[in-house]
Amino acid sequence: MRIVTLPGPVDNEDALIRQFLSCPEVVIHIRKPGLESKAMMRLVDQFTPEEKKQLVLHSCQDLSHEWGLDRVHYPSSIRDEGLDLGLHKYAYVSTSTHSWAEFNALDSRYHAAFISPVFPSISKTDYRENAQLHRTDKRMNFSTSLIALGGISKENIHSLKSDFDDVALCGAIWLVQDPFAAFETCYTLWHNH
């Protein structure tokens, strides 16, 4: 299971991330496009070397090794830049896609890819569901793990289990009163079905 951070600041975010990381198979995608590299370094430095193994940067990718990280994410807008930088340097590289054509055309050096929005986004109110993404029979790329993103919550997570390799949560976790309780519910539903 993946958790994608909100772009802006969140109260107690580092403590919540640490709680999420205490669960097996959780990967945190740090998506902070407006954060300067020094501020990103301060955020990353709060985590132990073991915790850093589960963090993925969506920006400052070129500094990830220096900061003890071996996972990076290249948003679709800079995916070609990722290829140019030599993806072989990283243990895990992911990207974002928004159609089956885009997902199926990915270079095999991408270990995983988000495909979104599978449901109407919770955190991006203008990001509407793409019903075509539920047509997983259109998937032709099986060398890249398929991660559903967009509007995933406790109400619909079960419907994705048979067709997607993993899920990524954002708004359903960060935009509620008790983020960890929401995470635990989704985590249990995903891993126990």
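Report follows, based on the coordinates. (Residues numbered from 1 in each chain as written. Predicted model: local features only at pLDDT ≥ 70, side-chain atom pairs only at ≥ 80, totals over all residues. Heavy atoms only, no water.)

Geometry of an aromatic ring pair is reported as the spacing of the ring centres plus the angle between the planes. In the structure shown here, the tally under the stated rule is six aromatic pairs. With centroids separated by 5.9 Å and ring planes inclined at 85°, the aromatic side chains of tryptophan 100 and phenylalanine 103 adopt a geometry described as edge-to-face. Of the two residues, tryptophan 100 and phenylalanine 103 both sit in helix α5 (residues 100-104), three residues apart, roughly one turn of that helix. Across the pair, exposure class does not vary: tryptophan 100 and phenylalanine 103 are buried alike. When the ring of phenylalanine 180 is compared with that of phenylalanine 183, the centres are 5.6 Å apart and the planes differ by 35°; the resulting orientation is tilted. (Phe/Tyr/Trp six-rings, centres within 6.5 Å; stacked < 30°, edge-to-face > 60°. Helix = DSSP H or I, 4+ residues; strand = E, 2+ residues; numbered from the N terminus. Buried < 20%, exposed > 50% of the residue type's maximum accessible area, 1.4 Å probe, protein only.)

In this section: the packing of helix α1 (residues 13-21) against helix α7 (residues 179-191). Two elements in contact, α1 and α7, have axes whose closest approach is 10 Å; the angle formed by their N-to-C orientations is 20°. Comparing their axes, α7 and α1 come out roughly parallel. When you trace α1 past α7, the crossing you get is right-handed. Counting all contacts with α1, which are made through Leu16, Gln19 and Phe20, the residues of α7 involved are Pro179, Phe180 and Phe183. (Axes fitted to C-alpha atoms, helices over the stretch in contact; angles between N-to-C directions. Parallel < 35°, antiparallel > 145°, perpendicular 65-115°, else oblique. Left-handed = near helix turned anticlockwise from the far one by under 90°. Contact = heavy atoms within 4.5 Å.)

To continue, consider the pairing of strand β6 (residues 112-115). Taking every second residue as pointing to the same face, both faces of β6 are buried, with Ala112 and Phe114 on one and Ala113 and Ile115 on the other. Bridge count for strand β5 (residues 92-97) against β6 is four bridges, and the pairing is parallel. If you follow serine 94 over to β6, its bridge partner there is alanine 112. Examined bridge by bridge, β6 and strand β7 (residues 145-149) share four bridges and lie parallel to one another. The residue of β7 that forms the bridge with phenylalanine 114 is isoleucine 147. (Pairing = 2+ DSSP bridges.)

Right, let's get into the nonpolar core. Core analysis: the largest hydrophobic core is formed by 59 residues, its most contacted members being Phe20 and Phe183. Per element, the largest residue contribution to this core is six residues, and it comes from α7. (Core = buried A, V, L, I, M, F, W, Y, C linked by side-chain atoms within 4.5 Å.)

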